[in-house]
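Geometric and topological summary
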Amino acid sequence: MIDFRYHLVSLISVFLALAVGIVLGAGPLRENLGNQLAEQVEQLRTEQDDLRTQADELETEKDQLASFITELGPDLVDGTLTGTRVAVLTDDASTRAGIDRITALLEDAGAASTVQIDLQPALWEPDQEQQRSEAIEQIRDIAPSVLGDGSTSSEQLSAVIVALLSPPATGELTPELRDQLWQVLTDHQLVAVDGEAPAEVDAALYASAAPEELTGGTEDDAVATERAQSLLSSQTALLGALAGTGMPAVVSAATPGNDATTGILRTVRGDDVYDSISTTDRLQEADGPVLSVLALIEQVRGGAGAYGTTADAEDRLPALPETQGVGEDSGGGEGPTPSDGGGAE
């Protein structure tokens with residue numbers, strides 16, 4: 001049986017250990033540990049400063065290149081799309097500034113004509129089903145072949161827009177019928193056409209707004225989800241139909257925060273169905289419209305790619321004769337190789 005003396009010795013040992021720890025902690029060990037911690041903190045601070053400096057340098061280089069691309073934009077695209085008829089489509093008014101710059105660059109590129117088509121919310125809003133159904137019935141009476149096989153009214157009407165922009169597969173869709181069909185779409189406020197409705201175009205550029213611009217701020221989760229699904233259904237139907245035509249096409253999206261993980265850009269870049277369509281991000285930035293038009297130039301010449309600065313972009317710029325040296329000489333210098341007006345071999 002353990003007696004009292006054993007407990008007394010144990011208690012004395014504990015107190016001695018505590019005393020030794022206090023003495024050492026207040027003396028040599030404290031100084032040693034303090035120095036080590038101070039050195040580690042200083043090292044971390046230095047590394048943080050170095051990383052911040054590197055980040056600032058990269059941001060400066062990115063801004064310089066963006067400014068360089070923007071300034072050279074008209075010269076880069078000059079005469080590259082001579083005679084080309086282009087349709088510029090958008091899904092929100094927030095893209096207006098970018099589209100204005102795109103239109104100006106298309107003029108610099110020598111495009112024969114540019115028509116802007118604003119897709120209206122009624123094309124995908126869940127509570128506008130009746131409006132879309134009425135439009136489909138009228139279209140069926142005029143030219144039923146353009147309706148396609150979309151499972152929803154929004155998908156069918158989105159495909160109709162592409163059919164009206166594309167060269168007719170047969171002689172059935174006459175200019176008169178096209179005018180009538182555009183009238184149906186505009187009368188039901190599904191699209192708004194800036195200028196005369198086009199007979200057909202040679203290339204298309206779809207400018208998409210940032211995802212937050214396409215949502216209702218006061219909606220509950222169920223309504224917001226339904227709206228988002230209907231919008232995506234309309235977008236994918238339109239772009240799927242566009243990819244199916246073989247027409248040169250570009251999707252250019254606004255990517256605030258350099259984020260392409262949401263919105264239509266993520267869908268197009270992640271699905272083989274849209275491999276024939278080029279994509280660009282940064283629509284909201286000064287150089288975004290230049291990227292868009294350069295990608296369209298490459299499309300007209302038979303190429304495709306994903307361009308910009310987001311994580312899923314393949315390259316900063318399309319590899320065109322006009323863009324050679326732009327990335328390497330962003331500070332001025334000799335600049336890019338002048339355009340030869342030709343395409344890829």
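Below is a summary of the structure that appears in this document. Sequence order as written defines residue numbering, which begins from 1 separately in each chain. Selection of residues for local features in this predicted model requires a pLDDT of at least 70, selection of side-chain atom pairs for listing and counting requires 80 or more, and totals for whole chains, interfaces and linings are taken over all residues. Computation of side-chain values: all heavy atoms of the structure, hydrogens and water removed.

**Here we look at the overall build of the protein**
For clarity, the threshold we go by: Working definition: helices are DSSP H or I runs of at least four residues, strands are E runs of at least two. Numbering for both runs from the N terminus. The classification of residues rests on relative accessible area computed with a 1.4 Å probe and restricted to protein chains. Under 20% of the type maximum is buried, over 50% is exposed, and intermediate values are partly exposed. For this analysis, residues touch if any pair of their heavy atoms sits within 4.5 Å. Where accessible areas are quoted, they stem from the Shrake-Rupley method and a 1.4 Å probe; at the residue level, only the protein chains shown are allowed to cover.
A count of helical and extended segments in the protein gives 9 helices and 7 strands. Buried residues in the protein amount to 39% of all 345 residues. The long-range fraction of contacts in the protein, counting pairs at least 24 apart against all pairs at least 6 apart in sequence, stands at 72%. As presented, the protein carries roughly 17900 Å² of accessible surface, and 53% of it is formed by carbon and sulfur atoms.

**Here's the deal with the pattern of salt bridges**
Put simply, the test is: A pairing counts as a salt bridge when a side-chain nitrogen of Lys or Arg comes within 4 Å of a carboxyl oxygen of Asp or Glu.
Scanning the entire structure with this criterion turns up 13 salt bridges. Ionic pairing is found between arginine 52 and aspartate 49, a salt bridge with its closest N-O pair at 3.2 Å. Within this pair, arginine 52 and its partner aspartate 49 are both found in helix H2 (residues 28–77), separated by 3 residues, close to a single helical turn. Given a relative accessible area of 43%, arginine 52 falls into the partly exposed group. The salt bridge partner of aspartate 281 is arginine 269, with a shortest N-O separation of 3.5 Å. One end of the pair, aspartate 281, is in the loop between strand S6 (278–280) and helix H9 (288–300); the other, arginine 269, is in helix H8 (residues 264–269), with 12 residues separating them in the sequence. With a relative accessible area of 19%, arginine 269 lands in the buried category. Overlapping salt bridges bring together Arg85, Glu200 and Asp202 as one network.

**Looking at the pairing of strand S5 (residues 249–253)**
Operational definition: Two strands pair if DSSP finds at least two bridges between them. Note on handedness: a crossover is taken as right-handed if, strands pointing away from the viewer, the path from the first strand over the helix to the second is clockwise.
Taking burial as the measure, the 5 residues of S5 include 5 buried ones, the bulk of the element. On S5, burial covers both faces: Ala249, Val251 and Ala253 on one face and Val250 and Ser252 on the other are all buried. Relative to S5, strand S4 (residues 203–208) runs parallel, the two sharing 5 bridges. In the sheet register, tyrosine 206 faces S5, and the bridge partner there is valine 251. Both S5 and S6 contribute to a ladder of 3 bridges, which runs parallel. Bridged to valine 251 within S6 is threonine 279. With respect to chirality, the unit in which S5 leads through H8 into the neighbouring parallel S6 is right-handed.

**Thoughts on the pairing of strand S2 (residues 113–119)**
Within S2, 5 of the 7 residues are buried, which leaves the element mostly enclosed by the surrounding structure. Across 6 bridges, strand S1 (residues 85–90) lies against S2 in parallel orientation. Along S2, the bridge assignment pairs valine 86 with threonine 114. Once the chain exits S1 it traverses helix H3 (residues 96–108) before rejoining the sheet at S2, and the crossover so formed is right-handed.

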